[in-house]
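Report on the structure
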Amino acid sequence: MEKIGSKLTNKNDSELVTMALDHNQAAFIVLYTRYHSGVRNHISHYISQKEDIEDICLESFQKAFSQISSYNPEYKFSTWLYRIARNTAFDHINKKDREKNNMPTTSISEKIAEMNEIPALMQTPEESIIIQQEYDKWLTNIEKLKDEYRLIAKMNLIDNFGYKEIADELDMPLNTVKTRIRRAKSLLLKMMETSDELM
């Protein structure tokens with residue numbers, strides 16, 4: 001059973017990755033929230049179209065989460081994630097343009113193992129600010145949810161309560177809890193994307 005009261009946003013990347021490997025959806029969302037702005041900014045170094053940047057950002061997270069078992073915890077998670085984002089951006093650039101601009105032509109599927117060889121880097125002050133801003137935005141958006149979603153979202157995504165624990169605590173059917181958490185996650189991701197667009 002998951003430990004009650006352990007805030008996911010206080011966990012480090014390695015702890016979240018371990019939870020994600022156990023298919024903890026809340027851990028995936030915290031990692032997404034923590035790095036969404038940074039990944040978008042990183043992709044914007046290679047791609048100019050705003051719509052393409054967001055598509056590539058989402059695709060990068062999908063690739064990272066589907067390949068998370070290949071992540072080597074000896075190295076920094078953000079470096080591994082940014083490498084995936086960069087390769088995903090390269091995959092969207094015409095091969096001829098890549099060669100003309102002397103850009104690497106390897107893709108994520110060809111070089112996934114190579115990502116584990118990247119040396120760990122210290123977190124920069126800018127990265128720390130971005131992470132704190134993402135936390136604040138995440139918590140603010142949870143507060144904006146309707147009553148029927150807000151408490152359940154806090155219990156699951158912040159305090160790390162399991163579905164059954166929430167159902168027991170609130171005297172609510174388990175299926176109702178699952179449905180509301182799923183809906184809350186969907187609403188929160190849309191809210192995060194909207195607030196990024198307004199920045």
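Small disclaimer: the values here were computed from a predicted structure and weren't measured.

**Quick word on the nonpolar core**
- Grouped together as the largest cluster of nonpolar side chains are 40 residues, with contacts concentrated most on Tyr35, Val39, Ile43 and Phe77.
- Within the residue set of this core, elements represented by two or more residues are helix 1 (13-21), helix 2 (25-43), helix 3 (50-66), helix 4 (77-91), helix 7 (125-144), helix 8 (147-158) and helix 10 (174-197).
- Here this core gets ten residues from one element, more than from any other, and that element is helix 2.
- In this structure, Phe161, Ile166, Ala167 and Met172 belong to the second largest nonpolar core, which totals eight residues.

**Description of the packing of helix 2 against helix 3**
- Orientation of helix 2 relative to helix 3, taken along the N-to-C sense of each, is 135°, at an axis distance of 10 Å. Considering their axes alone, helix 2 and helix 3 lie oblique with respect to each other. Considering the relative orientation of helix 2 and helix 3, their crossing is right-handed. Counting all contacts with helix 2, which are made through Phe28, Leu31, Tyr32, Tyr35, His36, Val39, Arg40 and Ile43, the residues of helix 3 involved are Lys50, Ile53, Glu54, Ile56, Cys57, Leu58, Ser60, Phe61 and Phe65.
- Residues that form the contact of helix 2 with helix 3 fall into these classes: twelve nonpolar, two polar and three charged.

**Examining the packing of aromatic side chains**
- The final tally for this structure, using the stated rule, is eight aromatic pairs.
- On the basis of an interplanar angle of 90° and a centroid distance of 6.5 Å, the ring pair of Tyr35 and Tyr82 is categorised as edge-to-face. Placement of the pair is Tyr35 in helix 2 and Tyr82 in helix 4, with a sequence separation of 47 residues.
- Tyr35 sits in the buried class, given a relative accessible area of 4%.

Scoring rules and cut-offs
Residues numbered from 1 in each chain as written. Predicted model: local features only at pLDDT ≥ 70, side-chain atom pairs only at ≥ 80, totals over all residues. Heavy atoms only, no water. Core = buried A, V, L, I, M, F, W, Y, C linked by side-chain atoms within 4.5 Å. Buried < 20%, exposed > 50% of the residue type's maximum accessible area, 1.4 Å probe, protein only. Helix = DSSP H or I, 4+ residues; strand = E, 2+ residues; numbered from the N terminus. Axes fitted to C-alpha atoms, helices over the stretch in contact; angles between N-to-C directions. Parallel < 35°, antiparallel > 145°, perpendicular 65-115°, else oblique. Left-handed = near helix turned anticlockwise from the far one by under 90°. Contact = heavy atoms within 4.5 Å. Nonpolar A, V, L, I, M, F, W, Y, C, P; charged D, E, K, R; others polar. Phe/Tyr/Trp six-rings, centres within 6.5 Å; stacked < 30°, edge-to-face > 60°.

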